[in-house]
Amino acid sequence: MENCIFCGIIEGRIPCEKVYEDENVLAFKDINPEAPVHVLVIPKKHIESINALDESNISILAPIYRALKKIAVDFNISESGYRVVTNCGEDAGQTVQHIHFHLLGGRSLNWPPG
Ligand code: AMP
Ligand code: ZN
């Protein structure tokens with residue numbers, strides 16, 4: 001998708017610090033990390049948000065969560081704990097309109113979030 005930063009990363013037009021890739025999923029370090037571990041996991045297919053999930057694309061969630069689990073192990077936060085966040089829409093602060101899953105860990109995380 002043109003004008004989508006994350007599609008630009010997938011297509012190699014925009015650089016990233018890649019941490020995981022398979023045929024369906026790409027994961028890379030967040031450029032503005034909020035925790036010692038802050039990785040974004042995205043589908044290679046452009047999907048705007050949770051609101052755009054339907055029967056044609058919802059099967060992407062299994063590979064996404066498989067990747068999240070593996071990356072948590074690779075970054076050694078599997079046992080200490082971590083959080084997975086998907087912001088959807090304006091009130092949640094979604095700034096990139098390509099669905100993404102924040103993997104956050106490496107420190108104690110506040111709950112509830114602000
Ligand atoms: P959200 O606010 O949930 O839409 O999250 C978007 C995230 O993408 C933010 O945490 C940004 O820091 C991150 N981000 C934006 N552009 C890039 C980029 N080029 N490389 C890595 N992370 C990015
Ligand atoms: Zn996109």
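Residues numbered from 1 in each chain as written. Chains lettered and ligands numbered in written order. Predicted model: local features only at pLDDT ≥ 70, side-chain atom pairs only at ≥ 80, totals over all residues. Heavy atoms only, no water.

Per an unreviewed UniProt entry, the protein chain goes by the name Histidine triad nucleotide-binding protein and belongs to Clostridium rhizosphaerae.

### Concerning the environment of K18
Within the secondary structure, K18 is located in strand β1 (residues 18–21). Each C-alpha atom, one on K18 and one on V39, is 9.2 Å from the other, the two residues being 21 residues apart in sequence. (Helix = DSSP H or I, 4+ residues; strand = E, 2+ residues; numbered from the N terminus.)

### Some thoughts on the nonpolar core
Counting 18 residues, the largest nonpolar core has V39, V41, I64 and I71 as the members making the most contacts within it. Of all the secondary-structure elements, those providing two or more residues to this core are β2 (25–29), β3 (37–43), α2 (61–74) and β5 (101–105). No other element matches the five residues that α2 contributes to this core. Leave out the neighbours within four places in its chain, and V39 touches V19, A27, F28, K29, D30, I71, F75, F101, H102 and L103. In this structure, C4, F28, L40 and V96 belong to the second largest nonpolar core, which totals nine residues. (Core = buried A, V, L, I, M, F, W, Y, C linked by side-chain atoms within 4.5 Å. Buried < 20%, exposed > 50% of the residue type's maximum accessible area, 1.4 Å probe, protein only. Contact = heavy atoms within 4.5 Å.)

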